[in-house]
Amino acid sequence: MRPFRYERALDESTALAAVAEPGARFLAGGTNLVDLMRLGVESPEVLVDVTRLPFGDVHETVDGGLRIGAGVRNSDLAADDRVRMRYPALARALLSGASGQLRNRATTAGNLLQRTRCPYFQDVTAPCNKREPRSGCSALEGVHANHAIMGWSERCVATHPSDMAVAMAAFDAVVHVVSRDGGRVIPLEDFHRLPGNEPERDTLLEPGELVVAVELPKPTYGTRSTYRKVRERSSFEFALVSVAAVLLIEVGEVAEARIAIGGIAHKPWRAHVAEAALVDKPATEESFRAAAEAELAQARPLRDNAWKVELARETIVQTLLELA
C-alpha cells in the first residue's frame, strides 16, 4: 500500500490552494491516474478531487461556438446534439475512445491530461525517460512497432493516446486554465508538447494550473468533418493511426482544410503542410494523395514501424474522400 491523502474541493479557490501542496495532484475521472498509481508509476501524496466543481456543462458562446466544461463526461459530450450536428468529427472521436464504461467516467480535462505513454512507461522495471528523466528510452531500440514516426526525440518515441484531442485540434480548440495567479488561454494545438529533452512534460501546464474548459470556435458554414480510426481491434484500443479532418469544398475545389493525425507523434499532429497543399486544389483523390505525401515527407520511421507511413497516407486520403 502507498498511503496518500484525499481532499474534495468544493470551489475553485479551494482546489487551487490544495494542489499547491508538494506532491498534490488533481483527480477527476481517475481513469488514467488511478491505473498508474496501481502500477506504481505515479505516487501522489495528495489527491484533490475536483469532480464537485461547476465544470460539468456545455454552453453556447456569443460567437456561436461551444464552451465545454472540464468535468463534462466523454459519453455526455459525444451525445450532445450540438456536438453531433456542428462537430461530428468530435462525436465520432469520443465514441471510438476506450470503452463505454470508461467514457461514462472520463472527463474532458482528464482526457486531455492523460499521460503520453507506452508499455515501457508502465513497466517500473524498464528504463523510461518519461517516468525517470535521463534513465534512457527502452522503446528506442526495443519493441516500437506502434510508436512515433513524427516529432520524436532520442529521449522518447511514445505516441499520444487521445482520440478526443485529435478531433479538437482539427477544430482549432483552445484550453482555458486558471491558477492562483490568474488565468490564460492555450491553443489546443500547442497544449501538448513534443518530447524534446523533457519527455516527462506532456503539456504546457505549469504546476498548480487547473483546466476549467475547452472552447470550440463556430465552424465555417458548409464545412464537413469526420474522424477515422485504424486500430488492431474494433473496441477499447489505442489508434495505430487516426485522422480528424474538416473540409470546405466550393465549386469542386478545397476552400478550407484542417487535418489532425493521431497515433504518429507524442501529441496530436496538426498537418499544416497537407492543409496548405489542399487549399485551392481540386477535391480529388490525386490532390488528397499529393497533400498526404507532402505532410509525411517529414516522417522519420523507426526500425520496425515504417508501415505507419503508408497507413497514415492511406488513412488521410480515405478520410478526405469520405468528406468529398
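Conventions and cut-offs
- Residues numbered from 1 in each chain as written.
- Predicted model: local features only at pLDDT ≥ 70, side-chain atom pairs only at ≥ 80, totals over all residues.
- Heavy atoms only, no water.
- Axes fitted to C-alpha atoms, helices over the stretch in contact; angles between N-to-C directions.
- Helix = DSSP H or I, 4+ residues; strand = E, 2+ residues; numbered from the N terminus.
- Left-handed = near helix turned anticlockwise from the far one by under 90°.
- Contact = heavy atoms within 4.5 Å.
- Nonpolar A, V, L, I, M, F, W, Y, C, P; charged D, E, K, R; others polar.
- Core = buried A, V, L, I, M, F, W, Y, C linked by side-chain atoms within 4.5 Å.
- Buried < 20%, exposed > 50% of the residue type's maximum accessible area, 1.4 Å probe, protein only.
- Domains from an automatic or database assignment.
- Expected span 1.5 Å × (residues − 1).
- Arc of directions from axis to C-beta.
- Pairing = 2+ DSSP bridges.
- Salt bridge = Lys/Arg side-chain N within 4 Å of Asp/Glu carboxyl O.
- Polar contact = N/O pair within 3.5 Å; in protein donor to acceptor, adjacent residues only side chain to side chain.

Here we take up the packing of helix H13 (residues 285–296) against helix H14 (residues 307–323). The geometry of H13 relative to H14 is characterised by a closest axis approach of 9 Å and an angle of 145° between their N-to-C directions. The chirality of how H13 crosses H14 is right-handed. On H14, the residues that touch Glu285, Phe288, Arg289, Ala292, Glu293 and Leu296 of H13 are Val309, Ala312, Arg313, Glu314, Ile316, Val317, Leu320 and Leu321. Each residue belonging to the contact of H13 with H14 can be placed in one class, and the counts come to nine nonpolar, no polar and five charged.

Across soluble globular proteins, nonpolar side chains show a tendency to be buried alongside one another. Ranked by size, the top nonpolar core spans 53 residues in total, and within it Leu77, Leu90, Leu112 and Met168 carry the most contacts. The element that contributes the greatest number of residues to this core is helix H10 (residues 164–170), accounting for seven residues. Viewed by domain, this core spans two of them, domain 1 (1–53) and domain 2 (224–323), each represented by three or more residues. Not counting the four nearest positions on each side in its chain, Leu90 is found in contact with Ile68, Leu77, Val83, Met164, Ala167, Met168, Phe171 and Leu216. In this structure, Met150, Leu278, Leu296 and Ala312 belong to the second largest nonpolar core, which totals 27 residues.

Time to look at the domain arrangement of the protein chain. Taken domain by domain, the protein chain consists of domain 1 (1–53) and domain 2 (224–323). Just the C-alpha atoms count here: the centres of domain 1 and domain 2 sit 37 Å apart.

With that out of the way, let us pick up H13. For H13, built from 12 residues, the straight-helix expectation of 16 Å at 1.5 Å per residue is met to within 8% by its first-to-last C-alpha distance of 16 Å. Buried within H13 we find Ser287, Phe288, Ala291, Ala292, Glu295 and Leu296. Take H13 and look down its axis: the buried residues cluster within an arc of 160°, on one side only. On the buried face of H13, the contacting elements are strand S10 (241–250), strand S11 (253–262), strand S12 (269–270), helix H12 (272–278) and H14.

Ordered by their spatial adjacency, four strands build an open sheet running S9-S10-S11-S12, and the pairing between neighbours is antiparallel. Looking at which strands have only one partner, the edges of the open sheet turn out to be strand S9 (224–230) and S12. As paired elements, S9 and S10 share seven bridges and run antiparallel to each other. Looking at S10, one finds that Thr226 is bridged to Ala245.

Inspection of every chain in the model, using the stated rule, returns 28 salt bridges. For Glu189, the salt bridge identified is with Arg270, shortest N-O distance 4.0 Å. Taken together, the positions of Glu189 in helix H11 (residues 188–191) and Arg270 in strand S12 put the pair 81 residues apart, joining distant regions of the chain. On the basis of relative accessibility, which here comes to 26%, the residue Glu189 falls in the partly exposed class. Classification of Arg270 by relative accessible area gives buried; the value is 9%. Its salt-bridge partner being Arg233, residue Glu237 comes within 3.3 Å of it at the nearest N-O pair. Judged by its relative accessible area of 25%, Glu237 falls in the partly exposed class. What you see here is one network of salt bridges that share partners, running through Asp172, Glu189, Glu256, Arg258, Arg270 and Glu275.

To continue, consider the side chain of Asn129. Take Asn129: it is sitting in the loop between helix H8 (119–122) and helix H9 (138–141). There is a polar contact of 3.0 Å between the side chain of Asn129 and the backbone nitrogen of Ser135. A polar contact of 2.7 Å, which involves the side chain of Asn129, links it to the backbone nitrogen of Gly136. Beyond its immediate sequence surroundings of up to four residues, Asn129 is in contact with Arg134, Ser135, Gly136, Cys137, Glu154, Arg155, Pro199 and Glu200.

Turning to the pairing of strand S8 (residues 210–216), a few remarks are in order. Extensive coverage of S8 is indicated by the burial of six of its seven residues. As defined by bridge partners, strand S5 (residues 66–69) adjoins S8 across four bridges and the pair is classed as antiparallel. Bridge pairing in S8 links Arg67 to Glu215. Of the strand pairs in this sheet, strand S6 (residues 174–179) and S8 are connected by five bridges, and their pairing is antiparallel.

With that out of the way, let us pick up the environment of Lys218. Within the secondary structure layout, Lys218 lies in the loop between S8 and S9. Linking Lys218 and Arg86, residues 132 residues apart in sequence, is a C-alpha distance of 8.2 Å. Once residues within four sequence positions are removed from consideration, Lys218 is found in contact with Asp63, Gly64, Gly65 and Tyr87.

Another aspect to go through is the sheet that holds S8. Taking strand neighbours across the sheet as the criterion, the five strands line up as S4-S5-S8-S6-S7 in an open arrangement whose pairing is antiparallel. Edge positions in the open sheet fall to strand S4 (58–60) and strand S7 (182–187), since each of these has one partner strand only. Taking each pair of neighbouring strands and ignoring which way they run, the sheet shows an average axis angle of 25°.

As a further point, take the environment of Glu189. Along the chain, Glu189 and Asp35 lie 154 residues apart, while their C-alpha atoms are 27 Å from each other. For Glu189, the contacting residues outside a window of four places in its chain are Lys267, Arg270 and His272.

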